[in-house]
Amino acid sequence: MSTLRALAKAQAVAAGLAQPVATVRHLHLSDRPLVVVPLAMAGEANAPLAAMVGTAHDEARLLVVPQPRNRDQRFAFAAELAGIMLPYLDSFCGVSEAVPVDRGKDVRYRYVDAPQLLLPNPAGITFLRLFGRSTRFRRPDGDYPVHPSVPLLGRWLTFFAERAEHPGSAALVAMTEALTLHWATGQSAVEDLHLPALLGWLDPPPGSTGAEAAARAEDPQVCPPAGPATDPDFDNRRLAPAMAAYAEADGDPAARSAAYAELERLLRDQLTPTWELMWRGVGLLRALPPGTRVASRWDGDKDAFTGYAEYVDDGGGPQPRRDGAVAAAVRLHRLERALTSYAVQRAYDDPLVMAEHRLTGEAFVGDVTLADPKRVDDTGKRPVLRPRIQVVTTEPVLVPVGATLYSPARPGQKAKVVFLTPGADGKTEVVLELSGGMGRGLTAPPGTVPEVGERLCLTTLSDAFLPAGNFPATEETPWTHGGPPTVGPAPESGDGDPAEEWT
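Residues numbered from 1 in each chain as written. Predicted model: local features only at pLDDT ≥ 70, side-chain atom pairs only at ≥ 80, totals over all residues. Heavy atoms only, no water.

### Examining the sheet that holds strand β3 (residues 48-54)
Sheet architecture is open: five strands sit in the order β4-β3-β2-β7-β8, paired in mixed fashion. Of all strands in the sheet, those with a lone pairing partner are β4 (61-64) and β8 (172-174), marking the two edges. Strand after strand, the sheet turns through a mean of 20° between neighbouring axes, direction not considered. Alignment of strand β7 (residues 117-119) against β8, held across three bridges, turns out to be parallel. Following the sheet pairing, Leu117 is matched in β8 by Leu172. (Pairing = 2+ DSSP bridges. Helix = DSSP H or I, 4+ residues; strand = E, 2+ residues; numbered from the N terminus. Axes fitted to C-alpha atoms, helices over the stretch in contact; angles between N-to-C directions.)

Structure, rendered in structure tokens:
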């Protein structure tokens, strides 16, 4: 936890209200997200009990599995969920846009928008990931056939679960993580995983503090769990008798219909409060203006969606159960690069996030007191424009002479530290030599060089392109990592014993 977030949490306790830790929204929010509130049966391995799904507040659809231990009913639920989700995904595959590549020499095409799935918490994402793994290898023929849409749904769920691991991605978002990215509450990080308690701090009822609202929200009688877990008292006292009544009504259509209606009513009552909270959270996030670099990260999600949609259309197979050694290393490297870039972009977009780096000495803010925008360096083979500016700051400057700094106001420009002169009054004079972002001539265009009186933020964080690492080819995997992979038929999976574990 950073110092500023710890301070914000202390202020939240004192004020009785969550405190903002961001001035802009750091994730894309779709105009038509698909909200999914799953519910799993307690004591069973990823057995779906119910789900509430929809793209609008007043368009919720409830899916129910009366007997989650019944294999046929579980896959019927999967087919019903596919009947909602797959058309939603297909609705984004109609219109493409041209994207210049190779410095404008060529173009590629991607869809103009991409789907976005919203779930209450990270446990819901885990549920979808396991549900995708348990369905993507199923087959519409053989001994235990399923509807053809079920394996396709599993592959898409796996795609979204993998995107959720990508820093900065907004394809699959847990509402609790999205809200805590922008606000700090007066409770622990574990308590923040409970959506009703979290929103109690963010938007308490009139006359109540965040702590009081969160305490009331933790009562399952007031607000049921936000899924996928269920309340044990509800399981024992209400759900179990309703499921037993449905099972006992086998052979009596009227009694079975009545038992199903009662079960559906119970599950709707359990899911509806979380459904309402999800849309309250969407409203709070929509009130924040998006950060400048949010759109470029969403472009990455659109690229990923377009690529996988084309892969599926071309008949590509399901994702493997495990990555090979090289594929795993490449994926880890890609995620690390994305994490570094995401941290820098958030700091560039948001002064509150940059303030955390100012506390650690990775950035400082000062005023430009001198500027020489016409300075030319002619010591080389040809003269180049190298303006110099002087920045005076009252903050500690921990970078050495010769270090390269960057400014969020001009991210394409480098500032090399030439001199550091500490003053007796606690101020430090920093002389910087600028390069880049000023064209190719010997005269800097207006606005490209900071002017005297401008307040400037300088940081060691760079938003420049990070080159990819070099990895061996798959057939050259070293023996320490399993040796060259053997080529053989893919293992049979998901078509054997119907009692096979769903994890």
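Picking up after the structure, the text goes on.
### Details of the environment of Ala76
Looking at the secondary structure, you find Ala76 in helix α2 (residues 71-90). Residue Ala76 is classed as partly exposed on the basis of its relative accessible area, which comes to 43%. Put simply, Ala76 and Val146 are 70 residues apart on the chain and 8.2 Å apart in space, counted from C-alpha to C-alpha. (Buried < 20%, exposed > 50% of the residue type's maximum accessible area, 1.4 Å probe, protein only.)

### Thoughts on the side chain of Arg163
For Arg163, the location among the structural elements is in helix α4 (residues 149-164). Judged by its relative accessible area of 14%, Arg163 falls in the buried class. A distance of 2.6 Å separates the side chain of Arg163 from the side chain of Asp301, its partner in a polar contact. (Polar contact = N/O pair within 3.5 Å; in protein donor to acceptor, adjacent residues only side chain to side chain.)

### Re helix α8 (residues 232-248)
Compared with the 24 Å implied by 1.5 Å per residue over 17 residues, the 22 Å span of α8 between its first and last C-alpha is a close match. Residue Leu239 marks the point of greatest curvature in α8, where the axis turns by about 40°; the proline Pro241 follows within four residues. What α8 keeps buried is the set Phe234, Asp235, Leu239, Ala242, Met243 and Tyr246. Taken together, the buried residues of α8 touch β3, α2 and α9 (253-286). (Expected span 1.5 Å × (residues − 1). Bend = angle between axes of the 7 residues up to and from the residue. Contact = heavy atoms within 4.5 Å.)

### Focus: the packing of α8 against α9
The relative placement of two packed helices is expressed as an angle between their axes plus a distance between the axes. Packing of α8 against α9 leaves a shortest axis separation of 8 Å and a crossing angle of 155°. In terms of axis orientation, α8 runs roughly antiparallel to α9. You can see that α8 and α9 cross each other, and the crossing is left-handed. Residues Phe234, Arg238, Leu239, Ala242, Met243, Ala245, Tyr246 and Ala247 of α8 touch α9, and the partners they reach there are Arg256, Ala259, Tyr260, Leu263, Arg265, Leu266, Leu267 and Gln270. Here the contact of α8 with α9 is composed, by residue class, of twelve nonpolar, one polar and three charged. (Parallel < 35°, antiparallel > 145°, perpendicular 65-115°, else oblique. Left-handed = near helix turned anticlockwise from the far one by under 90°. Nonpolar A, V, L, I, M, F, W, Y, C, P; charged D, E, K, R; others polar.)

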